[in-house]
Amino acid sequence: MTPELKGSAQLTTAMMLSGTLGVFVVESGAPPFDVVFFRVLFGALALGGYVTARGWLRDHGFTRRTLGLAVLGGVFIVFNWVLLFQSYRNTSISVATVVYHTQPFYVVLLGALLFRERLTAAKAGWIAVAFAGLILVSGVTPGEFASGGSYLTGIGQALLAALLYGLSTLVTKRITGVRPHLIALVQVLVGIPLLLPFADFGAMSGTGRGWGWLAGLGLIHTGVMYVLMYAAYAKLPTSKIAVLAFVYPAVAMVMDWAVYGHHIGLVQALGVPLIVTASLRVTLARPARRPASAPAPRTAARAPEAASRPATPVASEA
């Protein structure tokens, strides 16, 4: 098996696991803050055990600046999960997941706004197409805007979750010379004290078999899934990563239909290819050429190869 073929299998498996995440969240029966708290707790145990076994805690490569960026990214990631899981309850796994996949567009827009990254007319056009698709997928009518309600709230929560994910991606992209597994470990560790004041342990007394679903979110969807993704990123070109990322929403929609009988309507379905196409066009757009006299950006001389990949891959996981 060639490295690229192995990487494709690893990333496909990781995205299929990510597509089952919504079922684990709903079946746990726990409030969103509790779900995320135990996800980061079990996830920290899984990732911590893995990086310790690989000996990566020695010569970790963190500086005060990059550690601070990782912590900030962790704050965004943790609350992104809380909002997404709340959106599952107010809309459905299918709708929330597709709306959440507006992440790449927030990365582009925030990059232009905060870091003066170039926003081309083509990218702006594709972002407009994506948000037209978003309007179709959301299925929100003018009457619902007037009356409000939990469904409209859920759409807003998914959009805000995508915004926080975009912020985390922009922050994490500025960390070099550190393995992404270590960045992800810092991010979940941050979530433990951050969410502790919001966790309702009294509500967990009757969880029962829900503990198995919560453990799965940490061990499978944070531990195993992240390891598979980062192993795949080192073997695959960006184009293939961008395409395989859409295995996640596809599996999520199938799981939502198979387990809960939820499916999006015909008009909503028309918005899905608009978002997918626009996302691929924005993600795979050629970067603007640098002036000939501009020196290439310097990176850590001995940084591991995987460290050049963001710990929060664009539009790929929850």
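Residues numbered from 1 in each chain as written. Predicted model: local features only at pLDDT ≥ 70, side-chain atom pairs only at ≥ 80, totals over all residues. Heavy atoms only, no water.

Student: Just checking my understanding: could you explain the side chain of N80 for this structure?
Tutor: Within the secondary structure, N80 sits in helix α4 (residues 64–90). Excluding residues within four positions of it along the chain, N80 makes contact with Y100, A161, L164 and Y165. (Helix = DSSP H or I, 4+ residues; strand = E, 2+ residues; numbered from the N terminus. Contact = heavy atoms within 4.5 Å.)

Student: Would you mind showing me how to read the packing of α4 against helix α5 (residues 93–100) here?
Tutor: Direction vectors running N to C along α4 and α5 enclose 140 degrees, while the axes themselves pass 8 Å from each other. Taken together, the axes of α4 and α5 are oblique relative to one another. In this structure, α4 uses N80, L84, S87 and Y88 to contact α5, whose residues at the interface are I93, A96, T97 and Y100. Split by residue class, the contact of α4 with α5 holds 5 nonpolar, 3 polar and no charged. (Axes fitted to C-alpha atoms, helices over the stretch in contact; angles between N-to-C directions. Parallel < 35°, antiparallel > 145°, perpendicular 65-115°, else oblique. Nonpolar A, V, L, I, M, F, W, Y, C, P; charged D, E, K, R; others polar.)

Student: What should I look at first to understand unusual backbone geometry in this one?
Tutor: A positive phi is found at D59, a non-glycine position, where the angle reads about 50 degrees. Mapped onto the elements, D59 comes out in the loop between α3 (32–53) and α4. A positive phi angle, close to 55 degrees, is found at R116, a residue other than glycine. Tracing the chain through its elements places R116 in the loop between α6 (103–115) and α7 (121–138). What makes R116 exposed here is its relative accessible area of 79%. (Buried < 20%, exposed > 50% of the residue type's maximum accessible area, 1.4 Å probe, protein only.)

Student: Would you take a moment to explain the nonpolar core for this structure?
Tutor: In this structure, L11, L84, F85 and Y88 are the most contacted members of the largest nonpolar core, which totals 68 residues. With 11 residues, α4 is the single largest residue contributor to this core. Setting aside chain neighbours within four positions, we find F85 in contact with L21, V25, P32, V35, V36 and R39. The next biggest cluster of nonpolar side chains, apart from the first, holds 17 residues, and it includes F105, V140, V272 and V282. (Core = buried A, V, L, I, M, F, W, Y, C linked by side-chain atoms within 4.5 Å.)

Student: Whenever I open this one, the pattern of salt bridges confuses me. Can you help?
Tutor: Any two side chains of opposite charge can pair, so long as their charged atoms come close to each other. The tally for this structure, following the rule as stated, stands at 3 salt bridges. The salt bridge involving E4 is made with K240; its shortest N-O contact spans 2.9 Å. Placement of the pair is E4 in helix α1 (residues 3–19) and K240 in helix α12 (residues 238–244), with a sequence separation of 236 residues. A salt bridge links R209 to E27, with the shortest nitrogen-to-oxygen separation between them at 3.6 Å. A residue pair is termed long-range when its members are at least 10 positions apart, and R209 in the loop between α10 (180–195) and α11 (210–233) and E27 in helix α2 (residues 21–28) qualify at 182 residues. On the basis of relative accessible area, R209 is assigned to the exposed category, the value being 61%. (Salt bridge = Lys/Arg side-chain N within 4 Å of Asp/Glu carboxyl O.)

Student: Would you explain the packing of α6 against α7 in this entry?
Tutor: Each pair of packed helices can be described by the angle between their axes along with the distance between the axes. As a packed pair, α6 and α7 sit with axes 10 Å apart at the nearest point and diverge in direction by 140 degrees. Considering their axes alone, α6 and α7 lie oblique with respect to each other. Considering the relative orientation of α6 and α7, their crossing is left-handed. Contacts between α6 and α7 pair F105, Y106, V108 and L109 from the former with K123, I127, A130 and F131 from the latter. Residue composition of the contact of α6 with α7, grouped by class: 7 nonpolar, no polar and 1 charged. (Left-handed = near helix turned anticlockwise from the far one by under 90°.)

Student: How should α10 be read in this particular structure?
Tutor: Given 3.6 residues per helical turn, the α-helix brings residues three or four places apart onto the same face. With 16 residues, α10 extends 23 Å between its outermost C-alpha atoms, agreeing within 8% with the 22 Å of an ideal straight helix rising 1.5 Å per residue. Where α10 is buried, its residues touch α3, α4, α9 (150–172) and α11. (Expected span 1.5 Å × (residues − 1).)

Student: Which parts of the structure should I look at to understand the environment of T20?
Tutor: Within the secondary structure, T20 is located in the loop between α1 and α2. When the C-alpha positions of T20 and H221 are compared, they lie 8.7 Å apart, and in sequence the two are 201 residues distant. Non-local contacts of T20, meaning those with residues more than four positions away in its chain, are made with H221, V251 and M255.

Student: How do you make sense of the confidence of the model for the protein chain when you look at a structure like this?
Tutor: In this model, the protein chain carries an average pLDDT of 85, and 87% of its residues clear a pLDDT of 70 or more. Within the model, pLDDT remains below 50 along residues 290–310, and this stretch shows 22 contacts once partners closer than five positions in the same chain are excluded. (pLDDT = per-residue confidence, 0-100.)

Student: Help me understand the environment of V140 in this model?
Tutor: Residue placement: V140 occurs in the loop between α7 and α8 (142–147). Judged by its relative accessible area of 15%, V140 falls in the buried class. Considered as a pair, V140 and Y151 are 11 residues apart in the sequence and their alpha carbons are 8.3 Å apart.

Student: What exactly am I supposed to notice about the environment of R89 here?
Tutor: Among the structural elements, R89 can be located in helix α4. Note: C-alpha distance between R89 and Y151 (62 residues apart in sequence) is 8.9 Å. Apart from the residues lying within four places of it in its own chain, the contact partners of R89 are G29, A30, P31 and P32. From its side chain, R89 meets the backbone oxygen of A30 in a polar contact 2.6 Å long. (Polar contact = N/O pair within 3.5 Å; in protein donor to acceptor, adjacent residues only side chain to side chain.)

Student: When you look at the packing of aromatic side chains in this model, what are you seeing that I'm missing?
Tutor: A ring pair, where both rings are aromatic, is described by two values, the distance of the centres and the angle of the planes. In total, this model carries 15 aromatic pairs according to the counting rule given. Between Y226 and Y230, the ring centres sit 5.8 Å apart and the planes meet at 75 degrees, which makes this aromatic pair edge-to-face. Taken together, the positions of Y226 and Y230, both in helix α11 and 4 residues apart, correspond to about one turn of that helix. No difference in accessibility class separates Y226 from Y230, as the two residues are buried. Taken together, the aromatic side chains of F37, F38, F42, F201 and W211 make up a single cluster linked through ring pairs. Positioned over the ring face of W81 is R39, at 3.9 Å from the centre of the ring. The ring of F115 has R174 sitting right over it, with the charged end atom 3.7 Å from the ring centre. (Phe/Tyr/Trp six-rings, centres within 6.5 Å; stacked < 30°, edge-to-face > 60°. Lys NZ or Arg CZ within 6 Å of the ring centre and 35° of its normal.)

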